[in-house]
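Residues per chain, in single letters:
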Amino acid sequence: MLRIDIITLFPQIFSGYLTQSLLAKAIAKGLIEIVVHDLRHWSTDPKHHKIDDRPYGGGPGMLIRVEPVVHCVEEVQQMADRPGLVVLLTPQGEPLRQPRVESMAQTGRILLLCGRYEGFDQRVIDILQPLELSVGDYVLNGGEVAAMIVVDSTVRMIPGVLGDEQSSWDDSFSRGNRLLEFPQYTRPPEFRGHPVPEVLLSGDHGKIAAWRDDQSRQKTLHRRSDLFKPPT
Ligand code: 6GU
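### Concerning the overall build of the protein
Broken down by element type, the protein carries seven helices and nine strands. Taking 2.2 N^0.38 as the reference for a compact globule, 232 residues should give roughly 17 Å; the C-alpha atoms of the protein span a radius of gyration of 22 Å, well beyond that estimate. Overall, the C-alpha framework of the protein stretches about 70 × 40 × 35 Å when taken along its three principal axes. Burial statistics for the protein: of 232 residues in total, 40% are counted as buried.

Here you go:
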């Protein structure tokens, strides 16, 4: 059982995602538990539940204050019998890749901390020493969508979450595999002058495997030659 706690200022963003399809099934099967926490509950401002403030030294935007975040993480850690790996979603973080996903799927418990505004007071990071993760070199409005990416990629590595027919075994980036996937076809054998490659209809499984491997390598070479270099 993997437990994921999500700490956010916008808990509603997660409701549709967590109640549909694969995620809903994994939760129903008891393979994972996901608890969303509204950071505003830990506001030290009883009137307006404000959790952000202006940066010392000036500059644009607002920062998330240190006290609500530290209090929230400490309390949430106490809500289960073991502490979780604290993950902070930020464009400054380590680029998320499949080996990290696979290790998170094994940890048993993770806490995902979603930022908004211009980010967190640096003391959040100094005190909690979270694993900082980024989901790519572009800027999102907040960590929520990034947290969903972490949840989605992690949960599908839990045994029993995927059906047999959609195993993660052959995935492009699973188990150290760093090749893009070969093209696939289903019926009809021809559509608008586009035929299915003949080798796939040949019944020769050796030839089919070799063709697919070649297609994967060609596609990776042209689109993502960086994947042929060892991961950094
Ligand atoms: Cl984790 N957060 C935000 N706000 N932007 C991002 C990101 C995270 N990863 C890439 N861009």
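### What to know about the site of the ligand
Contacts to the ligand come from Leu89, Thr90, Pro91, Leu133, Ser134, Val135, Gly136, Tyr138, Leu140, Gly142 and Ala146. In this structure, a nitrogen atom belonging to the ligand sits 3.3 Å away from a side-chain N or O atom of Ser134. Between the ligand and Leu140, the relevant distance is 3.1 Å, taken from a nitrogen atom to a main-chain nitrogen or oxygen of the residue. Within the complex, the protein chains bury 95% of what would otherwise be the 290 Å² of accessible surface of the ligand.

### Brief notes about helix H3 (residues 66-77)
Taking 1.5 Å per residue as the helical rise, H3 with its twelve residues ought to reach 16 Å, and the 17 Å between its terminal C-alpha atoms agrees with that figure. Taken together, the buried positions of H3 are Val66, Pro68, Val69, Val70, Cys72, Val73, Val76 and Gln77. The inward-facing, buried residues of H3 abut strand E1 (2-8), strand E2 (32-38), strand E4 (63-64), strand E5 (85-95), strand E6 (109-114) and helix H5 (122-128).

### Quick notes on a nonpolar patch on the surface
Together, Tyr138, Leu140, Val145 and Ile149 make up an exposed nonpolar region whose accessible area comes to about 330 Å². In this fold, Leu140 is placed in the loop between strand E7 (131-134) and helix H6 (143-155). With relative accessibility at 34%, the residue Leu140 sits in the partly exposed group.

### Some words on the sheet that holds E6
Strand order in the open sheet made by the five strands is E2-E1-E6-E5-E7, with parallel pairing throughout. Bordering the open sheet on either side are E2 and E7, each of which pairs with just one other strand. Averaged over all pairs of adjacent strands, the angle between strand axes in this sheet comes to 30°, irrespective of strand direction. Docked against the sheet, H6 engages E1, E2, E5, E6 and E7, running at close to 160° with respect to E6.

### Digging into the side chain of Ser134
Looking at where Ser134 falls in the secondary structure, it is placed in strand E7. Owing to a relative accessible area of 5%, Ser134 belongs among the buried residues under this scheme. Polar side-chain contacts of Ser134 include one of 3.1 Å to the backbone nitrogen of Gly136. Sequence-distant contacts of Ser134, defined by excluding residues within four places in its chain, comprise Thr90, Pro91, Gly93, Glu94, Pro95 and Leu96.

### A look at the nonpolar core
Of all hydrophobic cores here, the largest spans 32 residues; its most connected members are Ile4, Leu112 and Val151. Of all the elements, H6 adds the most residues to this core, at six residues. Ranked by size, the runner-up nonpolar core spans 20 residues in total, among them Leu9, Cys72, Val86 and Phe120.

### A word on unusual backbone geometry
One can expect most non-glycine residues to show negative phi and most peptide bonds to be in trans. The amide bond that connects Arg187 to the next residue, Pro188, takes the cis arrangement and shows omega of 5°. Assignment of secondary structure puts Pro188 in the loop between H6 and strand E8 (190-191). Despite not being glycine, His49 shows a phi value in the positive range, around 55°. The topology assignment puts His49 in the loop between E2 and strand E3 (52-53). In the Ramachandran plot, Tyr117 falls in the positive-phi region, its phi being about 55° despite a non-glycine side chain. Looking at the secondary structure, you find Tyr117 in the loop between E6 and H5. On the accessibility criterion, Tyr117 (38% relative accessible area) is partly exposed.

### Section: the side chain of Ser43
Tracing the backbone shows Ser43 in the loop between E2 and E3. For Ser43, the side chain forms a polar contact with the main-chain nitrogen of Asp45, separated by 2.9 Å. With residues up to four places along the chain from it excluded, the contact list for Ser43 reads His49, Lys50, Ile51 and Pro68.

### Brief notes about the pattern of salt bridges
Within this structure, the stated rule accounts for ten salt bridges. Measuring nitrogen to oxygen at the nearest pair gives 2.8 Å for the salt bridge that ties Arg100 to Glu94. According to the relative accessible area criterion, Arg100 is partly exposed, its value standing at 27%. For Glu94, a relative accessible area of 29% gives the class partly exposed. The shortest N-O distance in the salt bridge between Asp213 and Arg217 comes to 3.0 Å. In this pair, Asp213 and Arg217 both sit in helix H7 (residues 205-223), four residues apart, roughly one turn of the helix. Overall, the relative accessible area of 36% leaves Asp213 in the partly exposed class. A residue is classified by how much of its surface remains accessible, and Arg217, at 40% relative accessible area, is partly exposed.

Reading guide: rules and limits
Residues numbered from 1 in each chain as written. Predicted model: local features only at pLDDT ≥ 70, side-chain atom pairs only at ≥ 80, totals over all residues. Heavy atoms only, no water. Helix = DSSP H or I, 4+ residues; strand = E, 2+ residues; numbered from the N terminus. Rg over C-alpha atoms; globule rule 2.2 N^0.38 Å. Buried < 20%, exposed > 50% of the residue type's maximum accessible area, 1.4 Å probe, protein only. Near = heavy atom within 4 Å. Polar contact = N/O pair within 3.5 Å; in protein donor to acceptor, adjacent residues only side chain to side chain. Areas by Shrake-Rupley, 256 points an atom, 1.4 Å probe, with all protein chains shown as cover. Expected span 1.5 Å × (residues − 1). Contact = heavy atoms within 4.5 Å. Patch = residues over 30% accessible without salt bridge, like charges linked within 9 Å, V, L, I, M, F, W, Y side chains within 5 Å. Salt bridge = Lys/Arg side-chain N within 4 Å of Asp/Glu carboxyl O. Pairing = 2+ DSSP bridges. Axes fitted to C-alpha atoms, helices over the stretch in contact; angles between N-to-C directions. Core = buried A, V, L, I, M, F, W, Y, C linked by side-chain atoms within 4.5 Å.

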